Structures are given as structure tokens and as C-alpha cells.
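Residue-level listing of the chains:
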Amino acid sequence: MQFLLSCFLGFLLMFATVLCSHYNSALTTAVVGAIKNVSVAYIGMLVGGDYIFSVLNFVGLNICMAGGLRYSFLTLGSQLKPNQTDEENVPVDMKS
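Being a predicted model, the structure only gives us computed values, none of them experimental.

In terms of helices and strands, the protein carries three helices and zero strands. Put simply, the protein has 96 residues, and 10% of those count as buried. If you sum the accessible surface of the protein, you get close to 8300 Å²; carbon and sulfur atoms cover 69% of it.

See below:
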């Protein structure tokens, strides 16, 4: 029974990912995935029971999570900016 439930949930996750990519861009799906990974990591630290707290470990995990989120948001921000044309490359007769 657990195997069938695992297969069904895996299929549901893949379907949701494909649906998200269909309605949004692949980059948006990647950012949502990064946020999901951060939330799963923090929930796993609190609920899982196998995380042994130490200040150094906690700081390291937070730096890693912040770096991953920052990378995702910077990548998303660079994709959302409109393409700016360079004035030097526009022919003279096209300038107005």
C-alpha cells in the first residue's frame, strides 16, 4: 500500500510541476522549487527528529538557503527585465 501511495504522490508531483511550467515560465517553476526546498529543509529540521542542533550547523544551513534563494531571485529578476536596445547599433534612418 505504501508503494502505491508513493507512486501516486510522485505522479501528482510531476503533474503539478508540468502544469506549473505550462502556465508559467520554466524559471518561475525553478524559483517556486527553490522556495519549496527551503521550506522542506526547515520543516524537516523541526519535525524529522534526526537534526542535531549546533550553532555552526544552523548558521551554515541558513547561509546555504539564503544563497540559493538569492540566486533564484536574481536569475528571475534578470529574466523579467525588458531587453534594452543599444542606441549605437540602431541605424541612423531608424532613429527618430
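This part covers the packing of aromatic side chains. Enumeration over the complete set of coordinates arrives at two aromatic pairs. Between the aromatic rings of Phe-11 and Phe-15, the centroid separation amounts to 6.4 Å while the plane-to-plane angle is 20°, which identifies the pairing as stacked. With Phe-11 and Phe-15 both in helix α1 (residues 2-23) and four residues apart, the pair spans about one turn of that helix. Judged by its relative accessible area of 55%, Phe-11 falls in the exposed class. Since its relative accessible area comes to 47%, Phe-15 is described here as partly exposed.

Looking now at helix α2 (residues 26-47). Along an α-helix, residues three or four apart share an orientation, since each turn contains 3.6 residues. Relative to the 32 Å expected for 22 residues at 1.5 Å per residue, α2 spans 31 Å between its end C-alpha atoms, a close match to the ideal helical length. Remark: Gly-49 follows α2 within two positions and exhibits a positive phi of approximately 90°.

Reading the values: rules and limits
Residues numbered from 1 in each chain as written. Predicted model: local features only at pLDDT ≥ 70, side-chain atom pairs only at ≥ 80, totals over all residues. Heavy atoms only, no water. Helix = DSSP H or I, 4+ residues; strand = E, 2+ residues; numbered from the N terminus. Buried < 20%, exposed > 50% of the residue type's maximum accessible area, 1.4 Å probe, protein only. Areas by Shrake-Rupley, 256 points an atom, 1.4 Å probe, with all protein chains shown as cover. Phe/Tyr/Trp six-rings, centres within 6.5 Å; stacked < 30°, edge-to-face > 60°. Expected span 1.5 Å × (residues − 1).

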